Each structure stands twice: as structure tokens, then as C-alpha cells.
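# Analysis of the macromolecular model
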Amino acid sequence: MTDRLPRKLKDHPSVQAVLAKPRDKPSPVIDAAWLKEICLAAGADDAAAVSLDHPDLAGEREHVQRALPGTKTLVSLVVRMNRDDVRSPARSVANQEFHRTGEIINEAGHSIVRTLQDAGYRAINPSATFPMEMEHYPGRIWVVAHKTVAVAAGLGAMGLHRNVIHPKFGNFVLLATLLVDAEVSTYGEAIGYNPCLECKLCVAACPIGAISKTGEFDFLACSTHNYREFMSGFTDWAQTVADSEDAADFRSRVSDSENVSMWQSLAFKPNYKAAYCMAVCPAGEDVLGPYLEDRRGFLGTVVKPLQDKVETLYVREGSPAKAYAERRFPHKPVKEVDGGYPRR
């Protein structure tokens, strides 16, 4: 190595210090037991690795390789959320749980990558939630699809509501994915069943009818309402500011509570308007007991408070979501919005 270095570089103190140290190359294959151990020690509640060559990850390869050239393995992380926080009709409680769990799983990913780096591997930890690659909006803004990876790694299966259901923890989890430039001795395998009970409680709880009983999912309806204070919803709010003739006109279009809610999302973190499909899901071995013991009571304490909550529902003009919300939840005010998503 030293013969190929220019003299000025070879004589640099930092270069001499590095050359003086013995360099052991890391094993080309990471021990799966060791990897699982460091993941749990860092704060994950479950973890599994999957090869980037897995057939179900074909759509991820190009994006993953762009983020970390040479990636061979994806490591899926799971961190549990506190269930009753997510279920609370007080959405500030639920959102605090989402954000805090997001911080925990990102901290875990950072710690694991540091350990892998110190062991001689190249690895990165894309954010579990935001920030994302917004220059690609409204196209794909995520580095890696955490749900797709988790299912391929055997950490759960997709429920009717399009959330990953962990066999033990249910859907009360957040997911993250690490990209690593080495193979792992043992990879996870898809679970042999779907923990989803097909109880349709997610269908009953969704205030804008985004989930159908037969399995169809209306992404645009979900994102328009639940993500009101994210990308396109913020664009719509900003357009309303620009289109208003004066302050009085603006305040006739946007209520005080909507303005301060948008301010809170900008000053703190974006807040979800619903996520009720996740809140009411009884699946998962740690979650299922109360539902099995008293299904009527479960409906009364978990589902009905969310159905009864008086709240503004955000829908697009003439959309099926608007018709559904007005028919199914007449006590919830409906507001037509537009914004960052192009019309079909």
C-alpha cells in the first residue's frame, strides 16, 4: 500500500498512525445471533435480516443501492408503542406516542449502525419516518419501504388496514430498516400465517371509508385526511393563504383551531388526524386477550369513542370519501380541500 502513496501523503502523521495499526478485515458474513443481540441491546423489541436479493424486494434494490452502494442485507427493526396512547380520542396523546416511538427506533438504528461501523462494516439507518427525500415529491420520497422489508424478514404480515401486524405485538409497532454491505449468516423467513383476524374493526373506525370490507384501499382518501398537516395538506393551507383577499377572508376560510393546529405541526412535529385503523386493531398475541374476553366491551371502550368523536374530516370534492363521511358520520363536520396531489 505504502509504495503507491505519494510521499507527501505517506509522511502525514495521520497516515503514519493508520499504517502503523494492524488492520483486520471484518468477516464477510455477519453472525445473525450477534446482530440480533446488538439490535435488542440498542432498544429494538424485535429484529430480523433479509437479503436484498429476496424476490419480494426487487422494487427496493435500485433505491437501496442508490442510498448505500454495495448493500447486501436489510435489517428490519421493530419497536413497540404503548397501545392505550394510540387508542386515545385525545389525538395529542396518540401523536406524542408516534413521535416518541419514532425517536426511540431512530436512536436504536443509529446505535446499531455505529456498532456495525466500528466492526468494519458499511451501514446506514434511513429515518423510520421523516425526514424523507422531498425532492422526489409527489413521487416516491422514502429511501426504503419499511413495511415491505419487515414482511419479507418475517416480522409480521400486512393486515386489511395496510399496517404490518407483528405476531406478538400486533400493529402497535413502528418499523425501521438498516442497510448493510455484508451478508448475514441466517435470514428471516416470512411467517406462515397472517395475524390479521379480518374482524373489520378498521373498516368500522375509519372516518373517511379508506378501507373497504373486500380489501380495497383508497390511499388518496387516507392521505388527504390523516396527513392533513403533512405535504399536500400544508400546500393546500399555504394556497389558501395566498388566495385570500385579506385577513378577514382568510379567517372565513380557515378556523382558528385549524390555524393553530397547523402551527403546532410546524413548531413541533406533523400530527396525524386519525390512524384509527391502527388504534382499534385487536390482532397480536399480546393484544388479543381483552378482545376475546369481551368483544362488546372492546367495541364500547376502544372503537365507539373514536367513532363518536366530533372532529373535522378532510376530503376531496366529489370523492367517495366525502359521500361516505357524510353518510356514516353525520356528526363529524366535513371540509372539502385540495392541494399538493394532482386530480385524477
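Residues numbered from 1 in each chain as written. Predicted model: local features only at pLDDT ≥ 70, side-chain atom pairs only at ≥ 80, totals over all residues. Heavy atoms only, no water.

## Examining the pairing of strand β7 (residues 173-180)
Of all the 8 residues making up β7, 8 are buried; the element is thus mostly covered by neighbouring parts of the structure. Alternating positions in β7 separate into two faces, Val173, Leu175, Thr177 and Leu179 on one and Leu174, Ala176, Leu178 and Val180 on the other, with burial throughout. Relative to β7, strand β3 (residues 73-80) runs antiparallel, the two being bridged by 8 bridges. The partner of valine 78 across the bridge, within β7, is leucine 175. (Buried < 20%, exposed > 50% of the residue type's maximum accessible area, 1.4 Å probe, protein only. Helix = DSSP H or I, 4+ residues; strand = E, 2+ residues; numbered from the N terminus. Pairing = 2+ DSSP bridges.)

## Looking at the packing of helix α10 (residues 231-243) against helix α12 (residues 256-267)
Running from N to C, α10 and α12 cross one another at 130°; their axes reach a closest spacing of 12 Å. Between α10 and α12, the crossing angle belongs to the class labelled oblique. Here α10 runs over α12; the crossing is left-handed. Contacts between α10 and α12 involve Gly233, Phe234 and Trp237 from the former and Asn259, Met262 and Leu266 from the latter. Residues that form the contact of α10 with α12 fall into these classes: 4 nonpolar, 2 polar and no charged. (Axes fitted to C-alpha atoms, helices over the stretch in contact; angles between N-to-C directions. Parallel < 35°, antiparallel > 145°, perpendicular 65-115°, else oblique. Left-handed = near helix turned anticlockwise from the far one by under 90°. Contact = heavy atoms within 4.5 Å. Nonpolar A, V, L, I, M, F, W, Y, C, P; charged D, E, K, R; others polar.)

## A closer look at the nonpolar core
Within the largest apolar cluster, 25 residues are counted, with the highest numbers of intra-cluster contacts made by Met81, Val86, Phe98, Leu201, Val280 and Phe298. Elements that contribute at least two residues to this core include exactly α6 (91-118), α8 (201-205), α13 (276-280) and α15 (295-308). Both domains that furnish three or more residues to this core are identified here as domain 1 (13-184) and domain 2 (201-337). In contact with valine 86, not counting residues within four places along its chain, are Met81, Arg91, Ala94, Glu97, Phe98, Phe172, Met278 and Ala279. Core analysis: the second largest hydrophobic core is formed by 23 residues, Ile30, Val75, Tyr121 and Ala176 among them. (Core = buried A, V, L, I, M, F, W, Y, C linked by side-chain atoms within 4.5 Å. Domains from an automatic or database assignment.)

## Side note on the packing of aromatic side chains
The tally for this structure, following the rule as stated, stands at 8 aromatic pairs. With a centroid separation of 5.0 Å and 35° between ring planes, the pair formed by phenylalanine 230 and tyrosine 272 is classed as tilted. Pair noted here: phenylalanine 230 is in the loop between α9 (219-226) and α10 and tyrosine 272 is in the loop between α12 and α13, with a separation of 42 residues, a long-range link. Side by side, phenylalanine 230 and tyrosine 272 carry an identical accessibility label, which is buried. Clustering of aromatic rings is evident, with ring pairs tying together Phe98, Phe130, Tyr227, Phe230 and Tyr272. The ring of phenylalanine 329 carries arginine 328 above its face, with NZ or CZ at 4.8 Å from the centroid. (Phe/Tyr/Trp six-rings, centres within 6.5 Å; stacked < 30°, edge-to-face > 60°. Lys NZ or Arg CZ within 6 Å of the ring centre and 35° of its normal.)

## Considerations on the domain arrangement of the protein
Along its sequence, the protein is organised into domain 1 (13-184) and domain 2 (201-337). The gap between the C-alpha centroids of domain 1 and domain 2 is 28 Å. Counting from both sides, the interface comprises 30 residues of domain 1 and, opposite them, 34 residues of domain 2. Taking the shortest distance from any N to any O, the salt bridge between glutamate 103 and lysine 269 comes out at 2.8 Å. For the pair domain 1 and domain 2, the number of links is 12 residue pairs in polar contact (both at pLDDT 80 or more). Looking at the side of domain 1 that touches domain 2, the elements with two or more residues in it are α5 (83-87) and α6. Sort the elements by how many residues they give to the side of domain 1 that touches domain 2 and α6 lands first, with 6 residues. (Salt bridge = Lys/Arg side-chain N within 4 Å of Asp/Glu carboxyl O. Polar contact = N/O pair within 3.5 Å; in protein donor to acceptor, adjacent residues only side chain to side chain.)

## Remarks on the sheet that holds strand β4 (residues 123-124)
With antiparallel pairing, 4 strands are arranged side by side in an open sheet as β2-β3-β7-β4. Pairing within the sheet leaves two strands with one partner each, and these edge strands are β2 (46-51) and β4. Inspection of the sheet shows β2 paired to β3 by 6 bridges, in the antiparallel sense. Residue pairing for β3: alanine 47 is matched across the bridge by leucine 77. Strands β2 and β3 of the sheet are contacted by helix α3 (residues 32-42), whose axis makes an angle of about 140° with β2. Each of β3, β4 and β7 is contacted by α6, which is oriented at about 20° to β7, the strand it contacts most.

## Description of the pattern of salt bridges
For the coordinates displayed, the defined rule picks out 19 salt bridges. Note that arginine 80 and aspartate 45 form a salt bridge whose closest N and O atoms lie 3.7 Å from each other. Of this pair, arginine 80 sits in strand β3 while aspartate 45 sits in the loop between α3 and β2, and the two are 35 residues apart along the sequence. One salt bridge connects aspartate 256 with arginine 251, and the closest N-O pair in it is separated by 2.8 Å. A single salt-bridge network, built from bridges that share partners, covers Arg100, Glu103, Glu107 and Lys269.

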